[in-house]
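Chain residues, written in single-letter form:
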Amino acid sequence: MAVNEQDVELIVKQILNQISGSGAAPAPSAGKTASSGIPSTAHVAMLTELEKFEVKEYPMPEVGDDDILVKVEGCGVCGTDAHEFKRDPFGLIPVALGHEGTGEIVKMGKNVKKDSAGKDLHIGDKVVTCMIFKDDPDITMYDLNKQNIGGADVYGLLPDDEIHLNGWFSDYILVRGGSTVFNVSDLDLDSRILIEPCAVLVHAVERAKTTGILRFNSRVVVQGCGPIGLICIAVLRTMGIENITAVDGNQARLDFAMRLGASHTVSFKDFQGIEALSGAVAASFDGHMADFAFQCTGNPMAHANIYKFIRNGGGLCELGFFINGGDATINPHFDLCSKEITLVGSWVYTLRDYATTFDFLKRAKGIGLPLSELITHRYPLEQINEALKTNLAMTGLKIAIVNK
Ligand SMILES: [Zn+2]
């Protein structure tokens, strides 16, 4: 980078400062460094106590030879964030949260050349990080027992360190060398914010495919039309499956399910008892039971019920219990054995699913699925407490922090 007049001015000021004996760096409130437009401080929303974020100001850190400084554009609010906000189950407070974030590279170390998929990285590229360690692409989740502070692989869910720029609920984040990072410059902002939840569904469908039951012409039921169920429908539709029945109790969500690729909807509020409900699902498939089902709610009763929607020899992917939602009671004889159901569980994703997700988002846009409408609420960083409360109230679908 060429040294311009303002750079020189800054250097001279610093030298004068040192000569004068104070030795102090320019005050954090000095504002932007005119050369690159990078301010001297960053803002990070720190969860300082239960249900309370404070936006803190920290000095902009040094960018090491392997590091990337990213100006944050936005970050989705995840169920995990809400869980941490409300209960701090991992005992992380004070902690910088936000892992579904994206932004633009504003500075990077001289050793940084390529992303985790081998794509070139340049100043100005849009990137995301990933919760999966790139040195082990087969593990499906970060290890919370791994203390990777200082060389953090994972952002937005680990104990804080002296740098503090560790979460995407911020205006700048320092992606340390060795972290998983992807160049996603060819995706728009909304798509980039949706990558992480979409990867959960790409993985679930990959798990479903291992049963050998899911085919182009399968009759598929998706139970639960929160963000996960809705994205599930979009993934299935994008891969060419046309016969999809969405089950939920919220008419607005069912209407949206149709726009994301469902062919039929069933509101469980219209039917009394599981017999009537499974009859309605069968009616949506011209009297047939589903070949395959995706269970996308965290309700144990919903898990117990979904077997009744599936034909003998059919398949089920259970992905609704991201966290422990309690025990479900099924009848192993009637529900599982005598029907010869093939059951798979799904949780999080692998690194390879992440890369597949970028293509899914492009294809979904290509066939006109309004995925970006999943983001129902956008808040500036200063209103992060309201954003988390909206998430907990479950009045919207995807809540996002979007920086100006
Ligand atoms: Zn998430």
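Throughout what follows, the structure given in this document is the object of discussion.

Another aspect to go through is the overall build of the chain. Each helix and strand in the chain was counted, giving 10 helices and 16 strands. For the chain, the residues scored as buried account for 43% of the 404 residues in total. Here the analysis covers contacts within the chain between residues at least 6 apart in sequence; of these, 69% occur between residues at least 24 apart.

What follows is about the nonpolar core. The tendency in soluble globular proteins is for nonpolar side chains to be buried side by side. Judged by nonpolar contacts, the single largest core of 109 residues is most densely connected at Leu201, Cys232 and Ile233. Sorting elements by how many residues they give to this core places helix α3 (residues 189-209) first, with 11 residues. For this core, the domains that each give at least three residues are domain 1 (42-185 + 371-402) and domain 2 (197-345).

The next subject is the pairing of strand β9 (residues 219-223). In terms of burial, β9 is largely enclosed, as 5 of its 5 residues are buried. Neither face of β9 is left uncovered, since the one carrying Arg219, Val221 and Gln223 and the one carrying Val220 and Val222 both have all their residues buried. Here 5 bridges tie β9 to strand β10 (residues 243-248), and the two strands are oriented parallel to one another. Note on β10: the bridge partner recorded for Gln223 is Val247. Chirality of the crossover, the property in question, places the unit of β9, helix α4 (residues 227-238) and β10 among those that are right-handed.

Further remarks concern the sheet that holds β10. Pairing in this open sheet of 6 strands is parallel, and the strands run β11-β10-β9-β12-β13-β14 from one edge to the other. Since the sheet does not close on itself, it has two edges, and those belong to β11 (264-267) and β14 (342-345), each with one partner. This sheet shows a mean twist of 20 degrees between the axes of neighbouring strands, independent of strand direction. Judged from the 4 bridges that link them, strand β13 (residues 310-318) and β14 form a sheet pairing that is parallel. Within the sheet, the bridge partner assigned to Leu316 lies in β14 and is Leu343. Lying on the sheet, helix α5 (residues 251-259) is in contact with β10 and β11; it crosses β11 at an angle near 165 degrees. Across the sheet, helix α6 (residues 273-284) touches β9, β10, β11 and β12 (290-295), and the angle it forms with β11 is around 170 degrees.

Cut-offs applied
Residues numbered from 1 in each chain as written. Predicted model: local features only at pLDDT ≥ 70, side-chain atom pairs only at ≥ 80, totals over all residues. Helix = DSSP H or I, 4+ residues; strand = E, 2+ residues; numbered from the N terminus. Buried ≥ 20, exposed ≤ 12 C-beta atoms within 10 Å, placed from the backbone. Contact = placed C-beta atoms within 7 Å. Core = buried A, V, L, I, M, F, W, Y, C linked by C-beta atoms within 7 Å. Domains from an automatic or database assignment. Pairing = 2+ DSSP bridges. Right-handed = clockwise from strand over helix to strand, strands pointing away. Axes fitted to C-alpha atoms, helices over the stretch in contact; angles between N-to-C directions.

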